[in-house]
Amino acid sequence: MKPLQQQIAIVTGASSGIGQGVAIALAKAGAKVCINYRSSEDGAKKTLKEIEQNGGEGFIQQADVSQPEAVKTMFRNTVEQYGTVDILVNNAGIQVDAPFLEMSHDDWQKVIDVNLSSQFYCSQEAAKEFIRRGIVEERSKAAGKIICMSSVHDIIPWAGHINYATAKAGILMFAKTLAQELAEKKIRVNAISPGAIKTDINRDAWEDDASREKLLQLIPYQRVGEVEDIGKAAVWLASDDSDYVQGQTIYIDGGMTLYPGFKDNG
Ligand code: NAP
């Protein structure tokens, strides 16, 4: 029996990069997946195609997750389609970079809305559905699982990206507080903080040799991460194999958070 057999997952931002990798990994582990996207329908179709080619099941749902009404519609449609939701992966995220003194209020707000507030809107809808349905023992020991995609920049400051780093630091405490509050309802909440993973969001940092060399100086394990590295962790956090894991942020970063600059005596 696959670890997520019969379970229903919503993955936000599943049309590209980490979200796409996570959606495919959850489907391979047996979950039926709501593939959310905002603008890239082709990317969402690619995700669905790969899920189906691997014998899995899913459907595509457009929604801007920074909009609470769109989030409600996405949950309603998923429940209509598959009956319930067991797993939420809050993955959607953007970067809009600028030096602090030049960052517009809009660019500050947009990144906070998409990267942080969306996790509040989606988690609230998910928790309501988990509590409505309760535990179904054949599927999982928990009433539901929420996985928040954060970043190593929840603890590593990042000049020129203050909106992004602040949103990610917010997710660190959001996940812990939600985990504390919802534990008695048997809802598990954890976060994943990726280091550098090869996706569109950071293409300039790994695409050419010179940029990759520079990036590798920050990664003790000496390789750039792949979306599959994150997908495997998401499957584990969504499954009963991690049933006693609550409120944790797992750093999947090849050691990026180990202060590599101090390796040779600082
Ligand atoms: P990506 O390839 O650019 O993918 C971002 C995804 O988010 C896309 O599917 C995009 O959908 C979706 N999205 C953006 N705004 C949205 C909105 N308002 N509503 C719904 N979906 C929205 O980036 P990625 O690297 O996979 O990033 C995924 C997550 O991992 C982000 O939270 C990011 O901060 C985090 N992360 C990434 C890295 C890394 O090294 N790649 C490291 C740490 C953390 P559309 O394209 O359809 O608009």
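Above this text sits the structure in question.
Residues numbered from 1 in each chain as written. Predicted model: local features only at pLDDT ≥ 70, side-chain atom pairs only at ≥ 80, totals over all residues. Heavy atoms only, no water.

(A) Representation of helix H4 (residues 105–133) within the structure. Under the 1.5 Å per step criterion, the end-to-end length of H4 is 41 Å for 29 residues, consistent within 8% with the ideal 42 Å. With its phi angle positive at about 75°, Gly134 sits one or two positions after the end of H4. (Helix = DSSP H or I, 4+ residues; strand = E, 2+ residues; numbered from the N terminus. Expected span 1.5 Å × (residues − 1).)

(B) The pattern of salt bridges, seen in detail. A complete count under the given rule lists twelve salt bridges for this structure. Close ionic contact of Asp86 with Arg139 constitutes a salt bridge, the shortest N to O distance being 3.2 Å. Of the two residues, Asp86 sits in the loop between helix H3 (68–82) and strand E4 (87–90) while Arg139 sits in the loop between H4 and strand E5 (144–149), which places them 53 residues apart along the sequence. Judged by relative accessible area, Asp86 falls into the buried class, the value being 4%. Between Asp243 and Arg188 there is a salt bridge; the shortest N-O distance is 3.8 Å. Of this pair, Asp243 sits in the loop between helix H8 (227–238) and strand E7 (249–252) while Arg188 is found in strand E6 (residues 187–194), placing the two residues 55 residues apart along the sequence. You can call Asp243 partly exposed: its relative accessible area is 28%. The exposure class of Arg188 is buried, given its relative accessible area of 5%. One salt-bridge network, in which partners are shared between bridges, spans Asp86, Arg133 and Arg139. (Salt bridge = Lys/Arg side-chain N within 4 Å of Asp/Glu carboxyl O. Buried < 20%, exposed > 50% of the residue type's maximum accessible area, 1.4 Å probe, protein only.)

(C) A look at the site of the ligand. Contacts to the ligand come from 32 residues, most closely from Ser16, Ser39, Ser40, Tyr164 and Thr199. One of the side-chain nitrogen or oxygen atoms of Asp64 is found 2.8 Å away from a nitrogen atom of the ligand. Between the ligand and Asn91 there is a distance of 2.8 Å, counted from an oxygen atom to a backbone nitrogen or oxygen. In isolation the ligand has 900 Å² of accessible area, and contact with the protein removes 94% of it. Listing elements by their share of the shell around the ligand, those giving two or more residues are helix H1 (17–28), strand E2 (32–37) and helix H5 (162–182). Of the residues contributing to the shell around the ligand, the split by class is 14 nonpolar, 14 polar and four charged. (Near = heavy atom within 4 Å. Polar contact = N/O pair within 3.5 Å; in protein donor to acceptor, adjacent residues only side chain to side chain. Areas by Shrake-Rupley, 256 points an atom, 1.4 Å probe, with all protein chains shown as cover. Nonpolar A, V, L, I, M, F, W, Y, C, P; charged D, E, K, R; others polar.)

(D) Geometry of the pairing of E5. Across the six residues that make up E5, a large majority, six, are buried. Covered by surrounding structure in E5 are Gly144, Ile146 and Cys148 together with Lys145, Ile147 and Met149, the residues of both alternating faces. With four bridges connecting them, E4 and E5 associate as parallel partners. Of the residues in E5, the one forming a bridge with Val89 is Ile147. Since E4 and E5 lie parallel, the crossover through H4 that links them has a hand, and here it is right-handed. Of the strand pairs in this sheet, E5 and E6 are connected by six bridges, and their pairing is parallel. (Pairing = 2+ DSSP bridges. Right-handed = clockwise from strand over helix to strand, strands pointing away.)

(E) View of the side chain of Gln7. Position of Gln7 among the secondary structure elements: in the segment before strand E1 (8–11). Using a relative accessible area of 1% as the deciding quantity, one classes Gln7 as buried. Among the polar contacts made by the side chain of Gln7, one reaches the side chain of Lys145 at a distance of 2.8 Å. Ignoring anything within four residues of it in the chain, the contact list for Gln7 reads Gly30, Ala31, Lys32, Asp86, Ile87, Arg139, Ser140, Lys145 and Ala238. (Contact = heavy atoms within 4.5 Å.)

(F) Main features of a nonpolar patch on the surface. Taken together, the side chains of Phe100, Leu101, Trp108 and Ile162 present a nonpolar region at the surface, about 470 Å² in accessible area. Its place among the elements puts Trp108 in helix H4. Given the relative accessible area of 33%, Trp108 is considered partly exposed. (Patch = residues over 30% accessible without salt bridge, like charges linked within 9 Å, V, L, I, M, F, W, Y side chains within 5 Å.)

(G) Summary view of the environment of Ile219. As for its placement among the helices and strands, Ile219 is situated in the loop between helix H7 (209–216) and H8. With 34 residues separating them along the chain, Ile219 and Asp253 place their C-alpha atoms 7.4 Å apart. What Ile219 contacts, discounting residues up to four positions off in sequence, is Ala196, Val224, Asp253, Gly254 and Met256.

(H) Layout of the state of the cysteines. Under the definition given, this model contains zero disulfides. In this structure Cys34 is not part of a disulfide, and its nearest cysteine sulfur, from Cys122, lies 9.6 Å away. The buried category is assigned to Cys34, whose relative accessible area is 0%. Note on Cys122: relative accessible area 0%, which makes it buried. (Disulfide = S-S within 2.5 Å.)

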